[in-house]
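Here are the chains, one letter per residue:
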Amino acid sequence: NPFVAARFLLSVAALPQLPAPDRPEIAFAGRSNAGKSSALNTITNKKALARVSKTPGRTQLLNFFEQDNARLVDLPGYGYAKVPEPTRRQWGKLVGGYIETRESLVGVVIIMDIRHPLTDYDLQMLEWTQAYRRRVHVLLTKADKLAFGAAKNQLLAVQKALSELENVEASAQLFSSHKRTGCEEARKTLSGWIED
Ligand code: GDP
């Protein structure tokens, strides 16, 4: 497991507080409750790695996990409910600004609940990754909630939508934190980004 050594480094509320860009960073994005913390824990094989991102006061921050050769960055999500405009603006400034300007960012993982992919949140993330030419890998998580045929159909539909986007190199796969489906595939894609 290439991510077993990841440890919490710090939380950041504004771009000037970012740590030195001295190693490749992979960002994890996803609507609240999509399964992002579970996916981070599964990929790193640490039961509670991303629990820190859920502690009060940290849910709207960029949370950094670090090991010698890479960092994983847990980006804040938001829910289905209409987000108040000032909160959304603040979120956009932090997350959009990070994706735009971070020189060490090598790719963005977008976590989508396989039953509700391509939410407004996901479309906003994809827009930024297109605008700033960031590589994307989508984990369609909670794949265990669907029969295999239905899961495969969702994957094909999302792959089709991604292939129609211009200026973005975007792949997608099935994933389940509960069953560990797709964990090796995800690790392989992400270690490929680090080594590039
Ligand atoms: P986050 O808000 O995106 O970090 O989401 P969490 O990782 O906290 O997961 C939200 C809910 O979805 C929790 O109740 C998890 O147990 C559940 N969940 C997460 N991943 C999976 C999965 O792969 N399969 C199933 N069945 N449930 C999952």
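Looking at an unreviewed UniProt entry, one finds the protein chain named Probable GTP-binding protein EngB, with Banduia mediterranea as its source organism. Under the UniProt heading Function (unreviewed entry), the note attached to the protein chain is "Necessary for normal cell division and for the maintenance of normal septation." In its Sequence similarities (unreviewed entry) section, UniProt records this for the protein chain: "Belongs to the TRAFAC class TrmE-Era-EngA-EngB-Septin-like GTPase superfamily. EngB GTPase family."

(A) Quick look at the site of the ligand. Close contacts around the ligand come from 16 residues, with Gly35, Lys36, Ser37, Ser38 and Ser177 the closest. The element contributing the most residues to the shell around the ligand is helix α1 (residues 36–44), with 3 residues. Counted by class, the shell around the ligand contains 1 nonpolar, 11 polar and 4 charged residues.

(B) Just the sheet that holds strand β4 (residues 70–74), in detail. In space, the 7 strands of this open sheet follow the order β1-β3-β4-β2-β5-β6-β7, with mixed pairing throughout. One side of each edge strand has no neighbouring strand; the edge strands of this open sheet are β1 (7–12) and β7 (170–174). Taken pair by pair, the neighbouring strands of this sheet meet at an average axis angle of 25°, ignoring direction. As paired strands, strand β3 (residues 62–67) and β4 are joined by 5 bridges and run antiparallel to one another. Paired with Phe65 across the two strands is Leu72, which belongs to β4.

(C) Representation of the pairing of strand β6 (residues 136–141) in the model. Along β6, 6 of the 6 residues are buried, which leaves the element largely enclosed by surrounding structure. The alternating pattern of β6 places Val136, Val138 and Leu140 on one face and His137, Leu139 and Thr141 on the opposite face, and all of these are buried. Pairing of strand β5 (residues 105–113) with β6 involves 6 bridges; the strand directions are parallel. Bridged to Val109 within β6 is His137. In the sheet, β6 pairs with β7 via 5 bridges, with the strands oriented parallel.

(D) Layout of the UniProt feature "domain: EngB-type G" (unreviewed entry) in the protein chain. As recorded in UniProt, the sites labelled "domain: EngB-type G" (unreviewed entry) are residues 22–196. Measuring from the first to the last C-alpha atom of residues 22–196 gives 15 Å, for a span that is 38% helix and 21% strand.

(E) Examining unusual backbone geometry more closely. In the Ramachandran plot, Asn45 falls in the positive-phi region, its phi being about 60° despite a non-glycine side chain. Looking at the secondary structure, you find Asn45 in the loop between α1 and β3. Even without being a glycine, Arg180 presents a positive backbone phi close to 65°. You can see Arg180 is positioned in the loop between β7 and α5 (183–195). Residue classification places Arg180 among the partly exposed residues on the basis of 13 C-beta atoms within 10 Å.

Scoring rules and cut-offs
- Residues numbered from 1 in each chain as written.
- Predicted model: local features only at pLDDT ≥ 70, side-chain atom pairs only at ≥ 80, totals over all residues.
- UniProt positions renumbered as here; feature names shortened; annotations may be inferred.
- Near = placed C-beta within 6 Å.
- Helix = DSSP H or I, 4+ residues; strand = E, 2+ residues; numbered from the N terminus.
- Nonpolar A, V, L, I, M, F, W, Y, C, P; charged D, E, K, R; others polar.
- Pairing = 2+ DSSP bridges.
- Axes fitted to C-alpha atoms, helices over the stretch in contact; angles between N-to-C directions.
- Buried ≥ 20, exposed ≤ 12 C-beta atoms within 10 Å, placed from the backbone.

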